[in-house]
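Residues per chain are reported as follows:
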There are 4 protein chains.
Amino acid sequence: MNPAAPPAAVDDLYRDVSAADLQPLWRLQGLLTEQPTTRAFPHRWPGTTLRSLAGRARDLVPIGGGGDRRVLACANPGLGGAPYATPTLWAAVQALAAGERAPAHRHTPAALRFVLDGAGVWTAVDGDALHMSRGDLVLTPSWTFHEHYNPGERPMTWLDVLDLPIVQFLGAVFYQPGEAAVVDARPARSASEHRFGGGPGLLPQPLDGPVPPAHSPLLAYRWPDTDRALALLLADGADHARVRFTDPTTGRDAMPTLRCEMIRVAAASVTGGSRQTGSQVLTVFSGEGRAVVGGVEFPLEQGDVVAVPSWATLSLSTGPGLDLFCVSDAPVLEGLGLYRRIETDD
Amino acid sequence: MNPAAPPAAVDDLYRDVSAADLQPLWRLQGLLTEQPTTRAFPHRWPGTTLRSLAGRARDLVPIGGGGDRRVLACANPGLGGAPYATPTLWAAVQALAAGERAPAHRHTPAALRFVLDGAGVWTAVDGDALHMSRGDLVLTPSWTFHEHYNPGERPMTWLDVLDLPIVQFLGAVFYQPGEAAVVDARPARSASEHRFGGGPGLLPQPLDGPVPPAHSPLLAYRWPDTDRALALLLADGADHARVRFTDPTTGRDAMPTLRCEMIRVAAASVTGGSRQTGSQVLTVFSGEGRAVVGGVEFPLEQGDVVAVPSWATLSLSTGPGLDLFCVSDAPVLEGLGLYRRIETDD
Amino acid sequence: MNPAAPPAAVDDLYRDVSAADLQPLWRLQGLLTEQPTTRAFPHRWPGTTLRSLAGRARDLVPIGGGGDRRVLACANPGLGGAPYATPTLWAAVQALAAGERAPAHRHTPAALRFVLDGAGVWTAVDGDALHMSRGDLVLTPSWTFHEHYNPGERPMTWLDVLDLPIVQFLGAVFYQPGEAAVVDARPARSASEHRFGGGPGLLPQPLDGPVPPAHSPLLAYRWPDTDRALALLLADGADHARVRFTDPTTGRDAMPTLRCEMIRVAAASVTGGSRQTGSQVLTVFSGEGRAVVGGVEFPLEQGDVVAVPSWATLSLSTGPGLDLFCVSDAPVLEGLGLYRRIETDD
Amino acid sequence: MNPAAPPAAVDDLYRDVSAADLQPLWRLQGLLTEQPTTRAFPHRWPGTTLRSLAGRARDLVPIGGGGDRRVLACANPGLGGAPYATPTLWAAVQALAAGERAPAHRHTPAALRFVLDGAGVWTAVDGDALHMSRGDLVLTPSWTFHEHYNPGERPMTWLDVLDLPIVQFLGAVFYQPGEAAVVDARPARSASEHRFGGGPGLLPQPLDGPVPPAHSPLLAYRWPDTDRALALLLADGADHARVRFTDPTTGRDAMPTLRCEMIRVAAASVTGGSRQTGSQVLTVFSGEGRAVVGGVEFPLEQGDVVAVPSWATLSLSTGPGLDLFCVSDAPVLEGLGLYRRIETDD
């Protein structure tokens, strides 16, 4: 304080400032930090636990009784009880029993479904029916009606990731229940794939609509394609390969808020460390290994979900090889000029 | 719950789910709402109060003693004590006494300065000195070194708006103090204006740098230009006009996170209502009138700052005429496909 | 002429205008026509003739003796002897005997190779070896070194299309001979396909280079992919389908001057007519049928090349079905705002 | 030829090739040159001649009698009689006597008008009336109706530049006469300038239309703005400055085919040489000096028009100072990846 300032006048000032719904910057802490800070912790949700609890919920909680979806959301213990894996990403396991149906709705938060195991559920996106099988990535982009149904005889569980915290933060959540749909079509390929799944660089003409949608018109990325793309990239002997799931009409991220990538770490490899602004959610698709996240070491087994906070270092190692599905908010940061990524020694 | 499920098993499930840092979606409320919800309130900080408290702080609090900047931040009473005008925008008044200097630093949050009254302060942006005068908009974009100095004999106060809450939310705040700068250059025009301020559509060749920066290379928008642009637009008898401050090399918003516009409401006019996703901060530059924000009516006088939460209706009316400086996060929402704006009846 | 003007003065004026290298607009004809005019004729080069003459040239003309390439260029009879199929497109057949090599060079005109029959030739593009087989489209983009070699025991013939007339018109032809290369690598897949041929929407990370090249990094589009994409599009019973060959990193045309598409007309179908600005070259890949181009009817058989001048109507019909490879300058016209396409009755 | 080939068989081959409308590449010359070649010559049309002949034409040739426009087109002597200043650019002087009117029409070729002297003519573009005065650049973009009228008492002459050769080459010329318009509005500013002429970086909201037009919505660039922009750029002591006329909503060239720039060479300066692909037309607005174009030296006086062929070196020198208006086809070449520009020693 001004040494010459009468203490009473200063006290009065602070009282009046507070009464006026103002705050003096010079008394605030932690706003402009040298490096990013975050309340989120590096955290691992074990796959065994996720599968076990999803199974128990499937047996005990009817889908019609408690809500539209049978979903267990990863709640990062650093976030004060918020049901978010990181400050910007929702990650959850969703279970659907044989014969069950999760009814249609739509919302501005965008979602993706990544199948960790099994097959047999269908997801309809604006009426287009997409079969889901192990390793497939299925998009339910912002404001598209979507429902899930399981006409088979076996339950199925998959990973959901949403940009819900981002859309909530921006005050842009809209929600609408869908028609009571009875979509029982089960085509060999979705209409989306009929048009956009022909092959790399092959686009149908004319494109639908005068302006391309903000999200990929290709709604499913099939595991055999992803697996082959990774194998081709590793053919030159690299220690890891990374494939991004993109909109084939633009080459940009498949959805404007969520970057989706599959990382394959070759057997007996250690990746160099890196850190990036924005947060990430990793899921172990197959293999096993270890991750060091912000100095914390986690074992990695099939089905594990790992939260990587902003600017935390990340390195991976594996004996038998490791396939990781990785989601981040990087497109948001890139679009705003806030994305930084560096390689690190640790 | 499944009517047939043993209550004890269900209790066990919830206990284990919680212990595993998971949360059942079907027990969460308020995540997917039909329309945007926000904790922020429509709120007005009166210009008289802001000026008075800024003046008292200037007299009582030395700039060197308590921090780098003498700033009073608008704290929206709905945000639980956070020093933010809206969930995404920092708004504040900054005061600099005669002879004072706010030393150089830089940070990834982007800032703008809008001069509500007076003249005489200089802001240096990466070494380029910009004079500040009533009605001028001066940019200090993300990660540019900036300092303010007041070589004159009169104090000066202006409005600061930053995207700090956005950058904080995304985990991307970096900060760095600057060199002990002694920038005493006081050119008639900044280098930025020498190059990019020649006139509408006139760009120097070659442009500096192989890739344009994400922000406008024009760092100051001068009031006489803004005033003339508004007058020209109103010449056809419309009830209001709106000018956007853009990057002259791209036509996009001057900074990637903040939309800056000046709205002139003609005398004896009422604008139709509108609502948009994302939040806004309005400042009364001149004139007076009334704003209805989300059903709450506020008088508008010179220097007032008003917070408009996401999806709150906004309408304006004036007797003598009204000039409003308006900042929003709309570029962020547009880039993510989340921007919606509708005209309303109320 | 001005009725009052002295004829001698007018004569003097025209003499002096001409002597000054000027021309009076009002005495010029045909500059601003109601609709596009072109000197090019609708024209067909029969596949049987092309194959026969290419074979005779292969037997009689050594590749080392007369030039770098053994190429017969389609010369539209309307173009006054210019070796161009249309005013903007070069189209030619190229033949390579068993054991022959066409040495490396590069030039700013961009080229594509479309294999009408056979297999066994390799094209190296900046050192990346691409095998060529029936139905494949191989790119040799602007200013990439390229060479062709035929290590097999059978001769091979394919179609070349270049934007040479465009680059020549713009005064931008550069040419450079390549190193005496001995590229004998014959990988199962090119490096280009290793990286970009994994599947629709799958992109390797990181992308090479800070700025994407103007052309597709995917240099080969394989017939099995193209065939499957067309079959998927026709699965809904349409009378024809059209697939565009695009840059998978942008969704734009594979090269900035040449649009490449494959059109499949279903058996027993007639397509509606259309006309578009800019010219096209069609090649019959398989099947047979008829084309009406600007009122002229042509039979279509395997290997035929057809020139479609600007704004000429085009309609297609087939009994057994028809696959056409189609190249146009449409990206040039689109980029300049000059592309128009309409459906017609004839 | 193949030494072993029977000469008669070779002769037969060439005869049959020619009869089939084919040409053997290996017998063609000059197609793929090491550097750009062009038939156009470096050429200068003296301003005194242009003014004198335009004046005589004005007196002798009525505008209604011989055509829509009284225009003398610069015909480069290298182009075999074509009425084009370069292979891609039409350049001409247009004269309108007191009281005359050149009636409305539109065409896909885009045009610009640059006023070398005088004032008083109005050009209406899609009904928007723009006054023309010395140093102004007025756009009549592709497919906009335009007419010129001279309500004053003095004749006026200006420079026209069109992309007509480009549009003709691409087979995309459309033309339509306009309504018999009687546009006598003479506003102080055009509607275009009311909306887009407020100042650098200031854009009206909302922008008209969902998609911006391919050309600048700002149709006039006024000499006082251009002059000030150049003066600001030269304030730091450079030997020359260059301002580009751009679309304020995108920062791109004002029209998609024509780059327009004003170059000011400071007194007693010599610019370094440069060469670029694509051609240019220069006009001397004020001052005098010398240009060396492709090794040919030309004096430069007010009103001179100079053709600079592709890849010809260009350097400028002046004693008293020099203002040059420069038009090129560079946006076309840039869009196709064919633009190259280098600095040279000569």
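Residues numbered from 1 in each chain as written. Chains lettered and ligands numbered in written order. Predicted model: local features only at pLDDT ≥ 70, side-chain atom pairs only at ≥ 80, totals over all residues. Heavy atoms only, no water.

Observations concerning the overall build of chain A
Note the threshold: Each helix is a run of H or I in the DSSP string that is no shorter than four residues. Each strand is a run of E no shorter than two, and both are numbered from the N terminus. Each radius of gyration is computed over the set of C-alpha atoms, and the globule rule expresses the reference value as 2.2 Å times the number of residues to the power 0.38. Buried, partly exposed and exposed residues are distinguished by accessible area as a fraction of the type maximum, computed with a 1.4 Å probe on protein chains only: under 20%, between the cut-offs, and over 50%, respectively. Should any heavy atoms of two residues lie within 4.5 Å, those residues are considered in contact. Accessible areas in this description were obtained via Shrake-Rupley with a 1.4 Å probe; residue shielding takes into account the shown protein chains only.
If you tally the helices and strands in chain A, you get seven helices and 25 strands. A globule of 346 residues ought to have a C-alpha radius of gyration of about 20 Å, and chain A, at 23 Å, matches this closely. Considering only C-alpha atoms, chain A reaches an extent of 80 × 50 × 50 Å along its principal axes. Residue burial in chain A is summarised as follows: out of 346 residues, 61% are buried. Across chain A, every contact between residues at least 6 apart in sequence was considered, and the portion connecting residues at least 24 apart equals 74%. Accessible surface computed for chain A: about 12200 Å², of which carbon and sulfur atoms make up 52%.

Overview of the relation of the copies chain A and chain B
The line we're drawing: To superpose the copies, least squares is applied to the C-alpha atoms of every residue with a pLDDT of at least 70 in both.
The two copies are related by a screw motion: chain A maps onto chain B through a turn of 180° and a shift of 0.0 Å along the axis, at an RMSD of 0.0 Å. The operation mapping one copy onto its partner corresponds to a two-fold rotation axis. When C-alpha distances to the rotation axis are compared across chain A, the minimum falls at Gly335 of chain A, with a value of 3.6 Å. In this assembly, 100% of the residues forming the interface of chain A have copies in chain B that are likewise at the interface, indicating an isologous arrangement.

Thoughts on the packing of helix H2 (residues 47–60) of chain A against helix H1 (residues 7–19) of chain B
The angle between the axes and the distance between the axes are what describe a pair of packed helices. The test is simple: Each axis is a line fitted through C-alpha atoms, and for a helix only the stretch in contact is used; angles between axes span 0 to 180 degrees, taken between their N-to-C directions. Any angle that is under 35 degrees is reported as roughly parallel, and any over 145 degrees as roughly antiparallel; angles of 65 to 115 degrees are reported as roughly perpendicular and all others as oblique. In this scheme the handedness of a crossing depends on how the near helix is turned from the far one: anticlockwise by less than a right angle means left-handed, clockwise means right-handed. Only Asp, Glu, Lys and Arg are considered charged in this grouping, and only Ala, Val, Leu, Ile, Met, Phe, Trp, Tyr, Cys and Pro are considered nonpolar; every other residue, Gly among them, is considered polar.
Packing of H2 of chain A against H1 of chain B brings their axes to within 10 Å, and their N-to-C directions diverge by 150°. Regarding the angle of H2 of chain A to H1 of chain B, the classification is roughly antiparallel. As for how H2 of chain A packs across H1 of chain B, the hand of that crossing is left-handed. Contact with H2 of chain A, carried on its side by Leu53, Arg56, Ala57 and Leu60 of chain A, involves Ala9, Val10, Asp12, Leu13, Asp16 and Val17 of chain B of H1 of chain B and no other residues of that element. Grouping the constituent residues of the contact of H2 of chain A with H1 of chain B by class yields seven nonpolar, no polar and three charged.

Remarks on the interface of chain D and chain B
Operational definition: Once two parts are put together, the accessible area they lose, assessed with a 1.4 Å probe and summed over both, is termed the buried area. Definition used for salt bridges: Asp or Glu carboxyl oxygen within 4 Å of a side-chain nitrogen of Lys or Arg. Polar contact is defined as a pair of N or O atoms within 3.5 Å, subject to the rule that within protein one atom must be able to donate a hydrogen and the other to accept it, and that residues adjacent in sequence are counted only when both atoms are side-chain atoms. When DSSP finds at least two bridges between two strands, those strands are taken to pair.
Listed per partner, the contact involves 33 residues of chain D and 33 residues of chain B. For the pair chain D and chain B, the summed buried surface comes to about 2700 Å²; carbon and sulfur atoms form 61% of the total. On inspection of chain D and its partner chain B, the count reaches zero salt bridges. Between chain D and chain B we count twelve residue pairs in polar contact (both at pLDDT 80 or more) in total. Sort the elements by how many residues they give to the side of chain D that touches chain B and helix H6 (residues 223–234) of chain D lands first, with six residues. Partitioning the side of chain D that touches chain B into residue classes produces 14 nonpolar, eleven polar and eight charged. Both strand E13 (residues 202–204) of chain B and strand E15 (residues 240–245) of chain D contribute to a ladder of three bridges, which runs antiparallel. In the strand pairing of E15 of chain D, Pro204 of chain B is matched with Val243 of chain D.

Some remarks on the side chain of Ser269 of chain C
Residue and element names in this part refer to chain C. One can find Ser269 in strand E17 (residues 269–270). Look at Ser269 and you get buried, because its relative accessible area is 9%. Setting aside chain neighbours within four positions, we find Ser269 in contact with Asp239, Leu316, Ser317 and Thr318.

Thoughts on the sheet that holds strand E10 (residues 146–149) of chain A
The strands that make up a sheet are held in pairs by hydrogen bonds between backbone atoms, and each pair lies either parallel or antiparallel. Residue and element names in this part refer to chain A. Reading across the sheet, the five strands line up as E8-E7-E10-E5-E12 and stay open at both edges, with antiparallel pairing between neighbours. Unpaired on one side and paired on the other, strand E8 (128–133) and strand E12 (175–177) mark the two borders of the sheet. Shown here is a sheet whose adjacent strand axes are inclined to one another by a mean of 25°, direction ignored. When strand E5 (residues 101–107) meets E12, the two strands line up antiparallel, connected through three bridges.

Observations regarding the interface of chain A and chain B
Each side of the interface is counted separately: chain A has 83 residues, and chain B has 83 residues. Surface buried jointly by chain A and chain B totals about 7100 Å² across both partners, of which 70% is contributed by carbon and sulfur atoms. Linking chain A with chain B are two salt bridges, by the criterion used here. Summed over the shared surface of chain A and chain B, the result is 20 residue pairs in polar contact (both at pLDDT 80 or more). Counting only elements with at least two residues in the side of chain A that touches chain B, the list comes to helix H1 (7–19), strand E1 (22–24), strand E2 (43–45), H2, strand E3 (71–74), helix H4 (164–169) and helix H7 (330–335) of chain A. Counted by class, the side of chain A that touches chain B contains 53 nonpolar, 21 polar and nine charged residues.

Notes on the sheet that holds E1 of chain A
Taken in spatial order, the seven strands of this open sheet run E1(A)-E3(B)-E4(B)-E11(B)-E6(B)-E9(B)-E14(B), and their pairing is antiparallel. Across the chains shown, the open sheet's two edge strands, defined by having one partner strand only, are E1 of chain A together with strand E14 (220–221) of chain B. Across the sheet, H1 of chain A lies against E1 of chain A together with strand E3 (71–74) of chain B, angled at about 140° from E1 of chain A, the strand it touches most. Helix H2 (residues 47–60) of chain B rests against E1 of chain A together with E3, strand E4 (90–96) and strand E11 (156–162) of chain B of the sheet, and its axis sits at about 50° to E4 of chain B.

Let's talk about the pattern of salt bridges
According to the stated counting rule, one finds 72 salt bridges over all chains in the structure shown. For Glu100 of chain C, the salt bridge identified is with Arg70 of chain C, shortest N-O distance 2.6 Å. Note that Glu100 of chain C is positioned in the loop between strand E4 (90–96) and strand E5 (101–107) and Arg70 of chain C in the loop between helix H3 (63–66) and strand E3 (71–74), a separation of 30 residues in sequence. The pair Glu100 of chain C / Arg70 of chain C is uniform in exposure class, with both members buried. Here Arg290 of chain D makes a salt bridge to Glu297 of chain D, at a shortest N to O gap of 2.3 Å. Salt bridges sharing common partners tie together Asp12, Arg15 and Asp16 of chain A together with Arg56 of chain B.

Observations concerning the arrangement of the chains
The two units chain B and chain C never meet; even their closest C-alpha atoms stay 10 Å apart. When C-alpha atoms are compared, chain A and chain D, though not in contact, are closest at a spacing of 10 Å.

A word on the pairing of strand E3 (residues 71–74) of chain D
Side-chain alternation along E3 of chain D places Val71 and Ala73 of chain D on one buried face and Leu72 and Cys74 of chain D on a second face that is also buried. Pairing between strand E1 (residues 22–24) of chain C and E3 of chain D: three bridges, direction antiparallel. For Pro24 of chain C, the partnering residue across the bridge sits in E3 of chain D and is Leu72 of chain D. Sheet analysis places E3 of chain D next to strand E4 (residues 90–96) of chain D, joined by three bridges and oriented antiparallel. Within E4 of chain D, the position partnered with Leu72 of chain D by the bridge is Val93 of chain D.

With respect to the relation of the copies chain D and chain B
Between chain D and chain B, the superposition needs a rotation of 180° and an axial shift of 0.0 Å, giving an RMSD of 0.0 Å. When the interface residues of chain D are mapped onto chain B, 100% of them again fall at the interface, so both copies present the same face.

Observations regarding the packing of aromatic side chains
Residue and element names in this part refer to chain C. As a reminder, the rule being used: The criterion for an aromatic pair is that two Phe, Tyr or Trp rings (for Trp, the six-membered ring) have centres within 6.5 Å, with stacked assigned to planes under 30 degrees apart, edge-to-face to planes over 60 apart and tilted to the rest.
Counted under the stated rule, the structure contains 38 aromatic pairs over all chains. Ring geometry for Tyr84 against Trp90: centres 6.4 Å apart, planes inclined by 65°, an arrangement best described as edge-to-face. With a centroid separation of 4.5 Å and 55° between ring planes, the pair formed by Trp223 and Phe285 is classed as tilted. Placement of the pair is Trp223 in helix H6 (residues 223–234) and Phe285 in strand E19 (residues 280–287), with a sequence separation of 62 residues. The exposure classification of Trp223 matches that of Phe285, with both residues buried.

So, the confidence of the model for chain A
Any segment with low pLDDT has predicted coordinates that should not be analysed in fine detail. Put simply, the rule reads: One number per residue, pLDDT, summarises how confident the predictor is, and it ranges from 0 to 100.
On average, chain A scores 93 in pLDDT, and the residues at 70 or more come to 95%. Confidence metrics for the complex model read pTM 0.95 and ipTM 0.96.

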